[in-house]
Structures are given as C-alpha cells and as structure tokens.
Amino acid sequence: MSKITSKYQVSIPKALADRLGVRPGDEVEWSVAGDEFRVRPAHAAKPLSVEERLKRFDETTKRVAAYQKGRRLKGSRDWTREDLYYDRGRNR
C-alpha cells in the first residue's frame, strides 16, 4: 500500500520494483484503464499489434516444425498409431 504525497508522488513497494527491475532514477509510464492507474517501466516492451503477434506466431511455428523435422531419425521414432496400439492385428 502506498500514499500519494502533497506533491502527488507515490513510492513503489520494493518487492514490486525488484520484480519489474525498476531502480531509483528509472522512468515509468502511467496510464489510465477504466478507474485504475497503471504504471510500467519505460523500458518495458510496448504491446504488439495483432498483425505483429500473428507474424511472430507464424515464424515460431515454422521454426518448430523445421526443428522437429530435422530431429526425426529414420526408423527409430516413426511410429504410427497402429504401431503403438496394435500388435500384428491384435489389440494390446
């Protein structure tokens, strides 16, 4: 809990400052969301647009697929569903 001083100053609790990596002399950004104040470090990343988030998601999906494709060893882990659940036509 913090109080606003007569100069409209507010102290940030140490636990929160440590968690966000804020130190004395750092700048913070204030914003209003409904009836709440929001404060974040000025060095924090700005929220990404929907287009940028989708672009990054697609890039990551391609990287993961390429990584997984490269890690497959022929004959060692190319199992099928049938290989796992059936043995020569009989249910395991």
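Provided above is the structure to which this section pertains.
Treat the numbers as computed from the prediction; the structure is a model and nothing was measured.

*Asks:* In this structure, what is going on with the pairing of strand E1 (residues 28-33)? I would like to understand it.
*Replies:* The side chains of a regular strand alternate, first on one face of the sheet and then on the other. Summarising the sheet, E1 and strand E2 (residues 36-41) pair through 6 bridges and their orientation is antiparallel. Bridging across to E2, alanine 33 finds its partner in glutamate 36. Between the end of E1 and the start of E2, which pair antiparallel, lie 2 residues, with glycine 34 showing a positive phi angle near 65 degrees.

*Asks:* Sorry if this is basic, but what is going on with the pattern of salt bridges here?
*Replies:* Between side chains of opposite charge, a pair can form as their charged atoms come close. Per the counting criterion, the structure on display carries 3 salt bridges. We note a salt bridge from arginine 56 to glutamate 52, for which the minimum N-O separation is 3.1 Å. Here arginine 56 pairs with glutamate 52, and both are found in helix H2 (residues 50-71), just 4 residues apart, close to one helical turn. In this structure arginine 56 comes out as partly exposed when scored by relative accessible area, which is 43%. Look at glutamate 52 and you get partly exposed, because its relative accessible area is 26%.

About the cut-offs
Residues numbered from 1 in each chain as written. Predicted model: local features only at pLDDT ≥ 70, side-chain atom pairs only at ≥ 80, totals over all residues. Heavy atoms only, no water. Pairing = 2+ DSSP bridges. Helix = DSSP H or I, 4+ residues; strand = E, 2+ residues; numbered from the N terminus. Salt bridge = Lys/Arg side-chain N within 4 Å of Asp/Glu carboxyl O. Buried < 20%, exposed > 50% of the residue type's maximum accessible area, 1.4 Å probe, protein only.

These results come straight from atomic positions and should not be treated as a statement about function.
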